[in-house]
Amino acid sequence: MFSGQSAARPLCCCETQSGTRLRKAICTSGLTGVIILLVAAFPKVAFSAALRVSGSGNTGPFQTNTALKYENVFTNFGSSYNPSTGVFMAMVKGVYYFHFTAFSIISGGASTNVVLMKNDSASSAAVLQLEAGDNVHVQLMAGTLVYDDMGYYNSFSGFLLFPITP
């Protein structure tokens, strides 16, 4: 029992010790079961990966723009990220957040040029509304390179903020 709570009043299952007005309002309005059902049905989609599983060195340059394959997967809830292709595919329509880091030790005149791609659009970090089946990946531009070692300087992460229902 939390401080200030009487024994006669049962603790609402969604109320916490610190409790928020929103949680208490939901509990007192009788919507507890609905909220628990919504949380249970909320798809769990999140991933984080680094470029290399072992070793160190450059990736690239390539003759064409190339999706980077982040093979060292730390987290992949929902299995939406494919380390073999480097592509994240949205399984549900929703709003997602993506971020990547890129690092290079410039050698031999090659530069670093890396972009986050949603289907055919580019960015470095973004909150994106995706349809089920949309693809997101990090692309190394033609003639450029990145360097990585076990410091995991190059990473790619994303997660579902919330689903969008029709």
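In the block above lies the structure referred to throughout.
No experiment lies behind these values; they were computed from the predicted model shown.

Q: Teacher, can you tell me more about the overall build of the protein here?
A: Of regular secondary structure, the protein possesses 2 helices and 13 strands. Classification of the 166 residues of the protein by burial places 33% in the buried group. In the protein, the proportion of contacts linking residues at least 24 apart, taken out of those at least 6 apart, comes to 69%.

Q: How should the pairing of strand 7 (residues 94–101) be read in this particular structure?
A: Working note: regular strand, side chains alternate between the two faces of the sheet. Here strand 7 runs beside strand 10 (residues 125–130); their pairing, made up of 6 bridges, is antiparallel. Bridge pairing links Val95 to Gln129 in strand 10.

Q: For this particular structure, what's the right way to read the environment of Val53?
A: Inspection of the secondary structure assignment puts Val53 in the loop between strand 1 (46–50) and strand 2 (57–59). Note: C-alpha distance between Val53 and Asp149 (96 residues apart in sequence) is 8.7 Å. When near neighbours in sequence (up to four residues on either side) are disregarded, Val53 contacts Glu71, Asn72 and Met150.

Q: For this particular structure, what's the right way to read the pairing of strand 8 (residues 114–118)?
A: Taking burial as the measure, the 5 residues of strand 8 include 4 buried ones, the bulk of the element. With 5 bridges joining them, strand 8 and strand 11 (residues 135–140) adopt antiparallel strand pairing. Its bridge partner being in strand 11, Val114 is matched across the sheet by Leu140.

Q: What is the right way to look at the sheet that holds strand 4 (residues 72–77) in this model?
A: Each strand in a sheet pairs with its neighbour through backbone hydrogen bonds, running either in the same direction (parallel) or in the opposite one (antiparallel). Pairing is antiparallel in the open sheet, where 5 strands are placed in the order 4-1-13-7-10. For this open sheet the edge positions go to strand 4 and strand 10, each flanked by a neighbour on one side alone. Looking at each pair of strands side by side, their axes are set apart by 10° on average, direction ignored. Of the strand pairs in this sheet, strand 1 and strand 4 are connected by 5 bridges, and their pairing is antiparallel. Pairing of Ala46 across the sheet is with Phe77, part of strand 4.

Q: Looking at this model, I keep getting lost on the nonpolar core. Mind explaining?
A: One broad rule of soluble globular proteins: the nonpolar side chains tend to lie buried together. Counting residues in each nonpolar core, the largest one holds 23 residues, and the members touching the most others are Phe88, Phe98 and Phe156. Beyond its immediate sequence surroundings of up to four residues, Phe88 is in contact with Val45, Phe47, Ser80, Tyr81, Tyr96, Phe98, Leu130, Asp134, Asn135 and Val136.

Q: I'm lost on the pattern of salt bridges in this one. Help?
A: Summed over the entire model, instances satisfying the criterion amount to 1 salt bridge. A salt bridge links Glu131 to Lys93, with the nearest nitrogen and oxygen atoms 3.8 Å apart. One end of the pair, Glu131, is in the loop between strand 10 and strand 11; the other, Lys93, is in the loop between strand 6 (87–89) and strand 7, with 38 residues separating them in the sequence. We classify Glu131 as partly exposed; its relative accessible area is 38%.

Q: I tried to follow the environment of Gly60 on my own but got confused; where do I start?
A: Locating Gly60 in the fold gives a position in the loop between strand 2 and strand 3 (66–67). Exposure remark for Gly60: the relative accessible area of 22% places this residue in the partly exposed category. Here the alpha-carbon distance between Gly60 and Ala142, two residues 82 residues apart in the chain, equals 8.3 Å. With near-sequence residues (within four places) excluded, Gly60 lies in contact with Leu140, Thr144 and Leu145.

Q: What am I meant to see in a nonpolar patch on the surface here?
A: A surface patch of nonpolar side chains, about 430 Å² in accessible area, is lined by Phe42, Val127, Phe159, Leu161 and Phe162. For the nonpolar patch, the element with the highest residue contribution is strand 13 (residues 155–163), accounting for 3 residues. By the element assignment, Phe159 lies in strand 13.

About the thresholds
Residues numbered from 1 in each chain as written. Predicted model: local features only at pLDDT ≥ 70, side-chain atom pairs only at ≥ 80, totals over all residues. Heavy atoms only, no water. Helix = DSSP H or I, 4+ residues; strand = E, 2+ residues; numbered from the N terminus. Buried < 20%, exposed > 50% of the residue type's maximum accessible area, 1.4 Å probe, protein only. Contact = heavy atoms within 4.5 Å. Pairing = 2+ DSSP bridges. Axes fitted to C-alpha atoms, helices over the stretch in contact; angles between N-to-C directions. Core = buried A, V, L, I, M, F, W, Y, C linked by side-chain atoms within 4.5 Å. Salt bridge = Lys/Arg side-chain N within 4 Å of Asp/Glu carboxyl O. Patch = residues over 30% accessible without salt bridge, like charges linked within 9 Å, V, L, I, M, F, W, Y side chains within 5 Å. Areas by Shrake-Rupley, 256 points an atom, 1.4 Å probe, with all protein chains shown as cover.

Purely geometric numbers; function is a separate question.
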